[in-house]
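What the coordinates show
Spelled out, the chains give:
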Amino acid sequence: MNLEKLLANITVLETKGTLDKEVSVLVFDSRKAVENALYVAIKGVVADGHSFINSAIEKGAKIIVCEALPETINEKITYILVKDSSKALGHLASNFYDNPSKKLNLVGVTGTNGKTSVTTLLFDIFKNLGYPSALISTVEYRIADEVIPSTHTTPDVIRLNEMLAKAVDKGCEYAFMEVSSHGITQDRIEGLHFKIAGFTNITRDHLDYHKTFENYIQAKKRFFDELEVGAIAITNADDKNGSVMLQNTKATKKSFAMKTMADFHGKLLEVDFNGMLLNFNGKEFWTTLSGKFNVYNLLLAFGIATELGMQEDEILQAISKLHRVNGRFETMKSDGGIFFVVDYAHTPDALENILDSINEIRTKNERLICVFGCGGDRDHGKRPQMGKIATQKATLAIITSDNPRTEDPSAIIKEIEAGVEPQNFNKYVSIPDRKEAIKMAIKFSEPKDIILVAGKGHETYQEINGVKHHFDDKEVITELYKLMSK
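One structure accompanies this document, and this report is about it. Since this is a predicted model, take the numbers as computed values, not measurements.

As a further point, take the overall build of the protein chain. Assigned secondary structure in the protein chain consists of 16 helices and 24 strands. Here the protein chain has a C-alpha radius of gyration of 24 Å; the compact-globule value for 486 residues is 23 Å, and the two agree. Dimensions of the protein chain, computed from C-alpha atoms along their principal axes, come out at roughly 80 × 50 × 40 Å. Across the 486 residues of the protein chain, 56% fall into the buried class. The long-range fraction of contacts in the protein chain, counting pairs at least 24 apart against all pairs at least 6 apart in sequence, stands at 65%. Summed over all atoms, the accessible surface of the protein chain reaches about 20600 Å², with 48% contributed by carbon and sulfur. Taking the average place of the 59 positive charges on the side chains of the protein chain and the average place of its 66 negative ones, the gap between the two points comes to 2 Å.

Next up, the structure:
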């Protein structure tokens, strides 16, 4: 692409060198530079891309976008000075791929919990309605029928535009993507044009990165602040921060709720492990999904689909045909009558929601055994909270490892145990080895008991000391139960 065309709608402070150049590829990692590449020097948390300008040039980059010109100017290179190279990258990427987000109905969903469920539900709803779409989620990326392994909740902005352009080429009209707080603050959605933005909820998470809960809220809010006139913002009216998201948005404001008046209102009429009978905007229907938190997820998906022009009846019919999202309240039943629930819940709020949902379903004649842990190198403050919640809500909690990463699993477990209240000391055991913890849960259980294995959900690995080892909760449950039933 011609450099001058690539710079459309980007505020340039100064240029050195000719703009009459062709750009072969955009890169912000100097190691990926090739002949005629445009290298964007970004000041990151760990390293400053300006330190690698010469390295990019040596590998063939002919254009440099930066916030500070290097001391030595290479006359064969074009330098473009901008105020914020991270933001400039977003617009460069959109221009390079011919602004694919303008050609799609792009929907972004943010919040602490529910992003994966809502975006996946939307993708499946529109597939059932006959519309090929794109999905960008924590679990996987999908472009119509093509499945691509997921690397980040919100990929970098070059990769995003590349996938959206591919979706346009494949005839997709809609794209549904998770928008993480990291992605927002790191400008990974800069330059994208969102038709609809949805907000699920917000509770404590990622404070290892954002430092304070207020910073975390503001990161989410920025997504709505930057929406364009003509966009639609749909937020959870039952969450006290739902209205905060809308304070400065230019978008049309819509809401969904179960407890208060809203544009999209839902009621939970019946629930068991097989599904729920729901009422949305006065219309009853059945879904195989379970749990009150899934009512909110379905309600947001329903609201978004309605705002995209679908008819309520056909949306509800499509919802009735949906299967559960991978690793989200997935249920398994053993031949011996034990129920297993596998869920990604890894925050205090998510763990509380899943335990409350199971407690609403069970008759209390069955025991609820909860196997869970907390990830290493992440927010320490949520660990005691989760210890307190699990021992309050479950009959027995088995504290174990999640992804310890570079931390000592026993140290993580001690921080979880610190939240257990004295009256619940006899309601938990700690077993660092996750497989042994699941084995112990099965050994303790009796027919009709419910075992919740929380924290990893769809993940098929366990990260220990920087190495990802294969570990799938569902595989382990199946293997252990068969082994112990012999």
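Of note, Asn281 is a non-glycine position whose phi angle comes to about 50°, a positive value. Inspection of the secondary structure assignment puts Asn281 in the loop between β15 (275-280) and β16 (283-287). The phi dihedral of Phe329 is positive, around 50°, even though this residue is not glycine. Structurally, Phe329 can be placed in the loop between α11 (312-320) and β17 (330-333).

If you walk through the whole model with that rule in mind, you get 29 salt bridges. Arg31 is paired through a salt bridge with Asp29; the nearest N and O atoms lie 3.0 Å apart. A salt bridge links Lys87 to Glu190; the shortest N-O distance between them is 3.6 Å. You can see Lys87 sitting in helix α3 (residues 85-96) and its partner Glu190 sitting in the loop between α6 (181-185) and β11 (196-199), a full 103 residues away along the chain. You can call Lys87 partly exposed: its relative accessible area is 28%. Under the relative-accessibility criterion, Glu190 is labelled buried at 14%. When salt bridges with common partners are traced through the structure, they connect Lys87, Asp187, Glu190, Arg222 and Glu226 into a single cluster.

The topology assignment puts Glu312 in helix α11. Residues Glu312 and Pro447, spaced 135 residues apart in sequence, show a C-alpha to C-alpha distance of 41 Å. Those residues within four positions of Glu312 in sequence are excluded, and the remaining contacts are Asn281, Lys283, Phe302 and Thr306. Separated by 3.4 Å, the side chains of Glu312 and Lys283 make a polar contact.

The next subject is helix α10 (residues 292-307). One turn of an α-helix holds 3.6 residues; hence residues three or four places apart share an orientation. With 16 residues, α10 extends 23 Å from end C-alpha to end C-alpha; this agrees with the ideal 22 Å at 1.5 Å per step. When you tally the buried positions in α10, you get 13 out of 16 residues, the bulk of the element. Just downstream of α10, Gly309 is the residue with a positive phi angle, here 100°.

Moving on, we come to the packing of helix α12 (residues 348-361) against helix α13 (residues 382-393). Following both chains from N to C, one finds α12 and α13 inclined at 5°, their axes separated by 9 Å at the closest point. Taken as axis vectors, α12 and α13 run roughly parallel relative to one another. Contacts from Pro348, Leu351, Glu352, Leu355, Asp356 and Asn359 of α12 reach α13 at Lys382, Gln385, Met386, Ile389, Ala390 and Lys393. Tallied by class, residues from the contact of α12 with α13 come to six nonpolar, two polar and four charged.

Take the sheet that holds strand β19 (residues 368-372) next. Spatial ordering of the open sheet is given by β17-β18-β22-β19-β20-β21, a layout of six strands whose pairing is mixed. Both edges of this open sheet fall to β17 and β21 (428-430), since each of them pairs with a single strand only. Within this sheet the neighbouring strands show an average axis-to-axis angle of 15°, counted without direction. The pairing of β19 with strand β22 (residues 450-454) spans four bridges and is parallel. Counted as the bridge partner of Leu368 is Ile450 from β22. α13 rests against β19, β20 (396-399) and β21 of the sheet, and its axis sits at about 160° to β19.

Before going further, it helps to examine the environment of Phe96. Mapped onto the fold, Phe96 is located in helix α3. In this structure the C-alpha to C-alpha distance between Phe96 and Arg362, which are 266 residues apart in sequence, comes to 54 Å. With residues up to four places along the chain from it excluded, the contact list for Phe96 reads Met1, Leu6, Val23, Ser24, Val25 and Leu26.

On to the layout of surface pockets, then. Reported here for the second largest pocket is a volume of approximately 240 Å³. In this structure, the second largest pocket is lined by His91, Ile189, Glu190, Gly191, Leu192, His193, Phe194, Phe223, Glu226, Leu227, Glu228 and Ala231. Split by residue class, the lining of the second largest pocket holds six nonpolar, three polar and three charged.

Here the focus is the packing of α3 against helix α5 (residues 157-169). Running from amino to carboxyl end, α3 crosses α5 at an angle of 20°, the nearest separation of the two axes being 9 Å. In this view, α3 runs roughly parallel relative to α5, as classed from their interaxial angle. Between α3 and α5 lies a crossing whose hand is right-handed. Contacts between α3 and α5 involve Leu89, Gly90, Ala93 and Ser94 from the first element and Val157, Ile158 and Asn161 from the second. The residue makeup of the contact of α3 with α5, split by class, is four nonpolar, three polar and no charged.

Glancing now at the pairing of strand β23 (residues 461-464). Where β23 meets strand β24 (residues 467-470), four bridges bridge the pair, whose relative direction is antiparallel. The residue bridging Tyr461 from the neighbouring strand is His470, located in β24. Linking β23 back to β24 in an antiparallel pair, the connection comprises two residues, with Asn465 at a positive phi of about 50°.

On to the pairing of strand β8 (residues 140-143), then. One ladder, built from three bridges, connects strand β7 (residues 133-136) with β8; its direction is antiparallel. Its bridge partner lying in β8, Ile136 is registered against Tyr141. The turn joining β7 and β8, which pair antiparallel and follow one another in sequence, is formed by three residues. Where β8 meets strand β9 (residues 146-149), four bridges bridge the pair, whose relative direction is antiparallel. From the neighbouring strand, Glu140 faces β9, where its bridge partner is Pro149. Connecting β8 to the next strand, β9, in antiparallel fashion are two residues, including Ala144 with a positive phi near 55°.

Rules of the game
- Residues numbered from 1 in each chain as written.
- Predicted model: local features only at pLDDT ≥ 70, side-chain atom pairs only at ≥ 80, totals over all residues.
- Heavy atoms only, no water.
- Helix = DSSP H or I, 4+ residues; strand = E, 2+ residues; numbered from the N terminus.
- Rg over C-alpha atoms; globule rule 2.2 N^0.38 Å.
- Buried < 20%, exposed > 50% of the residue type's maximum accessible area, 1.4 Å probe, protein only.
- Contact = heavy atoms within 4.5 Å.
- Areas by Shrake-Rupley, 256 points an atom, 1.4 Å probe, with all protein chains shown as cover.
- Lys, Arg positive; Asp, Glu negative; His and termini not counted.
- Charge placed at Lys NZ, Arg CZ, Asp CG, Glu CD.
- Salt bridge = Lys/Arg side-chain N within 4 Å of Asp/Glu carboxyl O.
- Polar contact = N/O pair within 3.5 Å; in protein donor to acceptor, adjacent residues only side chain to side chain.
- Expected span 1.5 Å × (residues − 1).
- Axes fitted to C-alpha atoms, helices over the stretch in contact; angles between N-to-C directions.
- Parallel < 35°, antiparallel > 145°, perpendicular 65-115°, else oblique.
- Nonpolar A, V, L, I, M, F, W, Y, C, P; charged D, E, K, R; others polar.
- Pairing = 2+ DSSP bridges.
- 1 Å grid on protein atoms, 1.4 Å probe; cavity = no way out; pocket = protein on both sides within 12 Å on 5 of 7 lines; lining within 4 Å.
- Points joined across faces, edges and corners; volume = space filled by probe spheres on them.
- Left-handed = near helix turned anticlockwise from the far one by under 90°.

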